[in-house]
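So the chains spell out like this:
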Amino acid sequence: MGLKDRIDGTALRLVPGHAEGEVVSEASSIHRLKRKLLEEVDLAEIVKLSPSQRRARLENVVAGLLSREGPVLTSQARTALIRQIVDESLGLGVLEPLLADKSVTEIMVNGPDDVWVERNGQIRRVDARFAGEAELLQTIDRIVSAVNRRVDESSPMVDARLPTGERVNVIIPPLALKGASLTIRRFPRAFTFAQLVDGGTIDRVSADLLKAMVRARLSIVVSGGTGSGKTTLLNALSGFIGESERVVTIEDSAELQLQQPHVVGLEARPANVEGKGQVTIRDLVRNSLRMRPDRIVVGEVRGAETLDMLQAMNTGHDGSLTTVHANSPDDAITRLQTLASMSDVSVPFEALRDQINSAVDVIVQIERNPGGARRIREIAGVASRRRDTFRLQTIMAYDRPLDGQPSDDTNFVHFPLPETILHRMAAEEQVVPPAFRPGQADVAAAPEREAE
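Scoring rules and cut-offs
- Residues numbered from 1 in each chain as written.
- Predicted model: local features only at pLDDT ≥ 70, side-chain atom pairs only at ≥ 80, totals over all residues.
- Heavy atoms only, no water.
- Helix = DSSP H or I, 4+ residues; strand = E, 2+ residues; numbered from the N terminus.
- Core = buried A, V, L, I, M, F, W, Y, C linked by side-chain atoms within 4.5 Å.
- Buried < 20%, exposed > 50% of the residue type's maximum accessible area, 1.4 Å probe, protein only.
- Salt bridge = Lys/Arg side-chain N within 4 Å of Asp/Glu carboxyl O.
- Phe/Tyr/Trp six-rings, centres within 6.5 Å; stacked < 30°, edge-to-face > 60°.
- Lys NZ or Arg CZ within 6 Å of the ring centre and 35° of its normal.
- Axes fitted to C-alpha atoms, helices over the stretch in contact; angles between N-to-C directions.
- Parallel < 35°, antiparallel > 145°, perpendicular 65-115°, else oblique.
- Left-handed = near helix turned anticlockwise from the far one by under 90°.
- Contact = heavy atoms within 4.5 Å.
- Nonpolar A, V, L, I, M, F, W, Y, C, P; charged D, E, K, R; others polar.
- pLDDT = per-residue confidence, 0-100.
- Pairing = 2+ DSSP bridges.

A. Broad picture of unusual backbone geometry. Along the chain, Pro173 connects to Pro174 via a cis peptide bond; the corresponding omega equals 10°. Along the chain, Pro174 turns up in the loop between β5 (167-171) and β6 (181-185). Even without being glycine, Arg292 reaches a positive phi, approximately 55°. Relative to the elements of secondary structure, Arg292 occurs in the loop between α11 (281-288) and β10 (295-298). A positive phi angle is found at Glu429, which is not glycine, with a value near 60°. Along the chain, the position of Glu429 falls in the loop between α15 (419-427) and β16 (449-450).

Below you can see the structure in the form of structure tokens.
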């Protein structure tokens, strides 16, 4: 959608006037002001400006229009009207202030009158609203058309991304029963492990252990639910990869922000309007093996690509990292087996078990508590080998405090490392923190448990 079409749009909204509850009359509607704006600006000149210059130019023009022939408004209402017209002409209308708010990590639109946001892990309803379904659909069209996609009754679900990187999901009627639904997820903020320790996500000695594990090239799976912070933790773990290593990242929507100098980022691509051109995570995992990676980092495994990832871990790409949706380490390891079985290659479950036991060394479980705080609940080592029944051994566990008691580092309980992991870390000359050495841990030993 071009700038002229946006300025000339017909999805209108009235704005607050002088008194509380008063609205600007139809004669002074946004539609008329947009028409005037179209007459005032030189579109050929505007499109050559940078986004910030374009916005400043339109704001000056709209302010001039209001001074000459607009309604008499309070300073606050006048500023809101100028912002609304420019937002609807250049951006995403009522969503622009929310996107500009750095504390908002997710925006959820459940219809024109129902907008929610997530701040600091808490979901709250906000006053922002669209004039109607037409304006919401116009906003959705601006998003999907920018990435050469379309959304209509024949294609009612779309995944897209804003130019600034936010991930967008759209679903419209007839699949969405209460009107079009729009979900915008902002890039996760890049945290260091020092910041995670300060925020109570993990204690310092456990962070030191994970650092040593990454540098010892142990293959780690981060497990957790939606919004628990898996990508944030994966990004922090990747910070321990050596700068001399070649890292290939593979994601459905690019979110990882690795700081190493030798990183190749790959992103999957959905099919186009004709249903062609799709490139899946699995395609990218297969291709990455030809790119001479030292490590492969997959943002999330959720299907047949799991088998290719396991095979990569078993064929010289130790130290690879990925995430999976699961509620516990036990669920994570069995889910990996289920996902790997979704491949078009028929592999017996026993062989898949062999692949997982050989490929995965550690599972890190992260959770979000009801208050919105993220915390690593457990670090578990995979103790089983070859076609053994899956067995896990707890390395660190978070012991939830009783109600009313503060949470601190004493709530993280440490167990001795399994022998296999101790030997791997010794072979890579990585120092094991004393809290995880036999005879010095909080608990003598963590009993192995079957994961099925």
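B. Expanded view of the nonpolar core. Ranked by size, the top nonpolar core spans 41 residues in total, and within it Phe193, Met213, Leu417 and Met425 carry the most contacts. Counting only elements with at least two residues in this core, the list comes to α8 (193-198), α9 (204-215), β7 (220-224), α10 (230-238), β12 (362-368), β13 (374-382), β14 (391-398) and α15. No other element matches α9, which puts 6 residues into this core. In terms of nonpolar packing, the next biggest core, distinct from the first, is built from 33 residues, Ile281, Ala312, Val382 and Phe390 among them.

C. Looking closely at the pattern of salt bridges. Counted according to the given criterion, the structure contains 17 salt bridges. Between Asp294 and Arg292 there is a salt bridge whose closest N-O contact spans 2.8 Å. Accessibility expressed as a relative area gives 18% for Asp294, which makes it buried. Note on Arg292: relative accessible area 55%, which makes it exposed. Residue Arg377 pairs with Glu367 through a salt bridge whose shortest N-O separation is 3.5 Å.

D. Quick peek at the packing of aromatic side chains. In total, this model carries 2 aromatic pairs according to the counting rule given. With a centroid separation of 5.1 Å and an interplanar angle of 55°, the aromatic rings of Tyr398 and Phe412 are classed as tilted. With a gap of 14 residues between them, Tyr398 in strand β14 and Phe412 in strand β15 (residues 412-414) connect regions that are remote in the sequence. The buried category is assigned to Tyr398, whose relative accessible area is 9%. The ring of Phe390 carries the charged tip of Arg353 above its face, separated from the ring centre by 5.5 Å.

E. How the structure looks around the packing of helix α12 (residues 305-313) against helix α13 (residues 329-340). Where α12 contacts α13, the two axes come as close as 7 Å, and the packing angle between them is 110°. Taken together, the axis directions place α12 and α13 in an arrangement best described as roughly perpendicular. For the pair α12 and α13, the crossing hand works out as left-handed. Of α13, the residues touching α12 (which contributes Thr306, Leu307 and Leu310) are Leu336, Leu339 and Ala340. Class assignment of the residues belonging to the contact of α12 with α13 gives a composition of 5 nonpolar, 1 polar and no charged.

F. Spatial organisation of the confidence of the model for the chain. This prediction gives the chain a mean pLDDT of 82; 83% of its residues lie at or above 70. Mean pLDDT across the secondary structure elements of the chain bottoms out at helix α1 (residues 3-7), with 48, and peaks at β7, with 95.

G. Spotlight on the pairing of strand β2 (residues 115-119). Note that strand β1 (residues 104-109) and β2 share 5 bridges and pair antiparallel. Bridging across to β2, Val104 finds its partner in Arg119. A loop of 5 residues connects β1 with β2, the two strands running antiparallel in sequence, and Gly111 in this loop sits at a positive phi of about 135°. With 5 bridges joining them, β2 and strand β3 (residues 122-126) adopt antiparallel strand pairing. When the bridges of β3 are listed, Arg119 appears paired with Gln122. Joining the antiparallel neighbours β2 and β3 is a turn of 2 residues, in which Asn120 adopts a positive phi near 50°.

H. Expanded view of the environment of Phe415. Within the fold, Phe415 resides in the loop between β15 and α15. Of the residues examined, Phe415 reaches a relative accessible area of 13% and is grouped as buried. Residues Phe415 and Ala397 lie 18 residues apart in sequence; the distance between their C-alpha atoms is 8.3 Å.

I. Fine view of the packing of α12 against helix α14 (residues 349-359). Where α12 meets α14, the closest approach of the two axes is 9 Å, and the angle between their N-to-C directions is 50°. As far as their axial angle goes, α14 and α12 are oblique. The interaxial crossing formed by α12 with α14 has left-handed handedness. Along its contact with α12, which presents Leu307, Leu310, Gln311 and Met313, the element α14 presents Leu352, Gln355, Ile356 and Ala359. Among the residues forming the contact of α12 with α14, the class breakdown is 6 nonpolar, 2 polar and no charged.

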